[in-house]
Amino acid sequence: MTAAAQSTRRACIVGAGPNGLAAAITLAQSGVRVDVFEAQPQAGGAARTLELTMPGFLHDFGSAVHPLAAGSPFFSSLPLQAHGLQWIHPPAPLAHPLDDGTAVILERDLRQAESVLGPDGKRWRRLMQPFADHWSDLSAEILRPLHVLTPHPFLLARFGLVAFPSAKTLAYPFRSGRTKALFAGLAAHSFLSLDQPLSAAFGVLLGVAAHAVGWPIPRGGAQSITNALCAHLASLGGTVKTSARVEDLAALSDYDAILCDVTPHQLLRIARSRLPTRYARRLAKYRYGPGVFKVDYALHSPIPWKAAECLRAATVHLGGSFQEIAASEYAMSHGRHAERPFVLLAQPSLFDPTRAPAGKHIAWAYCHAPNGSSVDMLEALESQIERFAPGFRDCILARHVFSPAALEEMDANLIGGDISGGAMDLRQFFFRPTWRHYATPVRNIYICSSSTPPGGGVHGMCGYNAARLAVSRF
């Protein structure tokens, strides 16, 4: 009998996304009996894999490439491989094609990256290596709330010096437009305008992760991560109940702790009047970030890139120069739609043949859009792909289009299409969703979604940190 089965403590998790499952596992490891309630018929939240276009074509609903999952301090501590999780590393983490028919390739090996980036190679290596060499220490520090007492003050301070400026400021010393374009694509994952503070942090973090742990894909799709987490939770005595929507936390009064893998506005709805007025007002003021417009493709052949090097990477950034990507993100952050949007594209079936029928392929692409946008960005998005891969449209067998509203319909946490759990500007970086972080004024209610530190991404650290707090209060 597991320790959790013998325990008298009971906790429940609302939501079976990666953070909810991480919270459940952390509690179960501490001997707490755990039940997870998931509104959808399939666990995983944004980490689900579905037949969205045609039978046999397995598409990731949310994230497709997982540097932060592979490099997560918590996930790395779990025996997920024993539960079927296999990481596939493409030859290169990232490709960034340019209009001259070539592509900048981000190599995983730092020495190779230094060679490929030419005049900026040494500068790139000096920027990335101190953090890549100490990924274990760095990830443990930055994937939790900022704190004064740290065992790695110099490493954290050094990261802060390059993370807090804007991407524009940090990229300025690069001499080559190719390197600047590469860094712009990395920084654009922030959903911030590239002249805003903190936008550099995402560029550095994702670049460091590429060299430290790679940008792998899970064999079989993101659902493999979810399935492994669910299997490990089951081995600890925890249960996951799907198609079990929680409308009111009052129905969960039998539990000693309730951890909610939901965003602030949802917590307000399901907590009803249990939260004090002042705290409820703070949650009501929580700001969501831009949304995404996403398309999943079934293809009869690989994407015909002008730069054949793009076939070495599962992830391709489409946006051209630093200036063009910056213009796209500036428009989006000011509530407008870019004519030439920055597009993130994944092509996992090049490296995982289980994702499509023999000889066929899948692709996944999205561009940023204002939160809740109803504008059809399909033509603009596909034009960007065609720009670097002429004949792409001829490869399409079927497509499934997700507007921001359609994404929210599939996952209630994606408010207005926001896949990051809320805007990640300075204020919400320090106070996410409030100064209490995971705690609420109600002692047994916690929030553990990506609306808490460290924010978006499939890493489970929001759930792990929240559960650690709950356990300490037991």
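Cut-offs used in this document
Residues numbered from 1 in each chain as written. Predicted model: local features only at pLDDT ≥ 70, side-chain atom pairs only at ≥ 80, totals over all residues. Heavy atoms only, no water. Helix = DSSP H or I, 4+ residues; strand = E, 2+ residues; numbered from the N terminus. Rg over C-alpha atoms; globule rule 2.2 N^0.38 Å. Buried < 20%, exposed > 50% of the residue type's maximum accessible area, 1.4 Å probe, protein only. Contact = heavy atoms within 4.5 Å. Areas by Shrake-Rupley, 256 points an atom, 1.4 Å probe, with all protein chains shown as cover. Lys, Arg positive; Asp, Glu negative; His and termini not counted. Charge placed at Lys NZ, Arg CZ, Asp CG, Glu CD. Salt bridge = Lys/Arg side-chain N within 4 Å of Asp/Glu carboxyl O. Disulfide = S-S within 2.5 Å. Pairing = 2+ DSSP bridges. Axes fitted to C-alpha atoms, helices over the stretch in contact; angles between N-to-C directions. Phe/Tyr/Trp six-rings, centres within 6.5 Å; stacked < 30°, edge-to-face > 60°. Core = buried A, V, L, I, M, F, W, Y, C linked by side-chain atoms within 4.5 Å. Polar contact = N/O pair within 3.5 Å; in protein donor to acceptor, adjacent residues only side chain to side chain. Parallel < 35°, antiparallel > 145°, perpendicular 65-115°, else oblique. Nonpolar A, V, L, I, M, F, W, Y, C, P; charged D, E, K, R; others polar.

Engineer: Help me understand the overall build of the protein in this model?
Structural biologist: Each helix and strand in the protein was counted, giving 19 helices and 16 strands. Taking 474 residues into account, the globule formula puts the C-alpha radius of gyration at 23 Å, and the protein, at 21 Å, falls close to it. Its C-alpha atoms give the protein principal-axis dimensions of roughly 65 × 50 × 40 Å. Across the 474 residues of the protein, 61% fall into the buried class. Residue pairs at least 24 apart in sequence account for 75% of intrachain contacts in the protein once pairs closer than 6 positions are excluded. Accessible surface, the protein as shown: approximately 17,900 Å² in total, 54% of it carbon and sulfur. Distance between charge centres in the protein, computed from 43 positive and 35 negative side chains, equals 8 Å.

Engineer: I would appreciate a short explanation of helix α16 (residues 378-388) in the present structure.
Structural biologist: Within an α-helix, residues lying three or four positions from one another point in the same direction, as the helix has 3.6 residues per turn. Taking burial as the measure, the eleven residues of α16 include nine buried ones, the bulk of the element. Every buried residue belonging to α16 is among L378, A380, L381, E382, Q384, I385, E386, R387 and F388, and all of these are buried.

Engineer: What is the right way to look at the pattern of salt bridges in this model?
Structural biologist: Where charged atoms from two side chains of opposite charge approach closely, those side chains can pair. Counting across every chain of the model gives 17 salt bridges. The partner of E114 in a salt bridge is K122, and the shortest N-O contact between them spans 3.3 Å. Taking the relative accessible area as the measure of exposure, E114 reaches 16% and is therefore buried. Here K122 falls in the exposed class, since its relative accessible area comes to 55%.

Engineer: Help me understand the state of the cysteines in this model?
Structural biologist: In a disulfide, the sulfur atoms of two cysteines are covalently bonded to one another. For the coordinates displayed, the defined rule picks out zero disulfides. The cysteine C310 is free of any disulfide, with C395 supplying the nearest cysteine sulfur at 14 Å. The class for C310 is buried, based on a relative accessible area of 0%.

Engineer: What's the story with the sheet that holds strand β13 (residues 343-346) in this structure? I'm lost.
Structural biologist: Strand pairing in a sheet is mediated by backbone hydrogen bonds. Such pairs are either parallel or antiparallel. Taking strand neighbours across the sheet as the criterion, the seven strands line up as β7-β6-β12-β13-β14-β11-β15 in an open arrangement whose pairing is mixed. Where the open sheet ends on each side, the last strands, each with one partner, are β7 (103-106) and β15 (396-402). Geometrically, the sheet is characterised by an average inter-axis angle of 20° between neighbouring strands, direction not taken into account. By the bridge criterion, four bridges tie β13 to strand β14 (residues 361-369) in an arrangement that is antiparallel. Note on β14: the bridge partner recorded for L344 is Y366.

Engineer: Mind showing me how you'd approach the packing of aromatic side chains here?
Structural biologist: Think of a pair of aromatic rings as described by two things: how far the centres are apart, and how the planes are tilted against each other in angle. In total, this model carries 13 aromatic pairs according to the counting rule given. Residues Y286 and Y288 carry aromatic rings whose centres are separated by 5.4 Å and whose planes lie at 85° to one another, so their mutual orientation is edge-to-face. Classification of Y286 by relative accessible area gives buried; the value is 4%. Take Y288: its relative accessible area is 15%, and that puts it in the buried class.

Engineer: How should I be thinking about the environment of L127 in this particular structure?
Structural biologist: Position of L127 relative to the elements: it lies in helix α6 (residues 121-132). Residue classification places L127 among the buried positions, given a relative accessible area of 13%. Note: C-alpha distance between L127 and G207 (80 residues apart in sequence) is 9.5 Å. With near-sequence residues (within four places) excluded, L127 lies in contact with V162, L170 and F174.

Engineer: Which parts of the structure should I look at to understand the nonpolar core?
Structural biologist: Side chains of nonpolar character tend, in soluble globular proteins, to be buried together. By size, the foremost hydrophobic cluster in this structure holds 102 residues, and its most contacted members are L27, F75, W124, F183 and L259. Looking at which element gives the most residues to this core, the answer is helix α11 (residues 199-212), with eight residues. In contact with F183, not counting residues within four places along its chain, are W124, A167, L170, A171, F174, A200, G203 and V204. If you look at the next biggest cluster of nonpolar residues, it comprises 30 residues, including Y297, L318, V343 and A389.

Engineer: Could you clarify how one ought to interpret the sheet that holds strand β1 (residues 10-14) in this entry?
Structural biologist: Sheet architecture is open: five strands sit in the order β9-β2-β1-β10-β16, paired in parallel fashion. Each edge of the sheet is formed by a strand with only one pairing partner; in this case those strands are β9 (239-241) and β16 (445-447). Strand after strand, the sheet turns through a mean of 20° between neighbouring axes, direction not considered. Sheet topology places β1 next to strand β2 (residues 33-37); five bridges connect them, and they run parallel. Bridging from a neighbouring strand, R10 pairs with R33 of β2. Along the sheet, helix α2 (residues 18-29) contacts β1, β2, β9 and β10 (257-260); its crossing angle with β1, the most-contacted strand, is approximately 170°.

Engineer: So what exactly am I meant to see when it comes to the pairing of strand β6 (residues 92-97) here?
Structural biologist: Consecutive side chains of a regular strand alternate in pointing toward one face of the sheet and then the other. The buried fraction of β6 amounts to six of the six residues, a majority that puts the element mostly inside the structure. Pairing of β6 with β7 involves four bridges; the strand directions are antiparallel. Within the sheet, the bridge partner assigned to A95 lies in β7 and is I105. Linking β6 back to β7 in an antiparallel pair, the connection comprises five residues, with G101 at a positive phi of about 90°.

Engineer: Would you mind going over the side chain of S373 with me for this structure?
Structural biologist: With respect to the helices and strands, S373 occurs in the loop between β14 and α16. According to the relative accessible area criterion, S373 is buried, its value standing at 9%. Within polar-contact distance, the side chain of S373 engages the side chain of H337 at 2.6 Å.

Engineer: So what exactly am I meant to see when it comes to the packing of α6 against α11 here?
Structural biologist: Helices that pack against each other are described as a pair by the angle of their axes relative to one another and the distance between those axes. Two elements in contact, α6 and α11, have axes separated by 9 Å at closest approach and are oriented at 70°. Relative to α11, the element α6 is oriented roughly perpendicular. On α11, the residues touching W124, M128, F131 and A132 of α6 are G203, V204, G207, V208, H211 and A212. A class-by-class count of the residues in the contact of α6 with α11 yields seven nonpolar, three polar and no charged.

Engineer: Just checking my understanding: could you explain the environment of V162 for this structure?
Structural biologist: Within the secondary structure layout, V162 lies in helix α8 (residues 153-163). When its relative accessible area of 15% is taken as the criterion, V162 is described as buried. Expressed as a C-alpha distance, the spacing of V162 and G203, which sit 41 residues apart in the sequence, is 9.8 Å. Other than its neighbours up to four places away in sequence, V162 contacts L127, F131, L170, A200 and V204.

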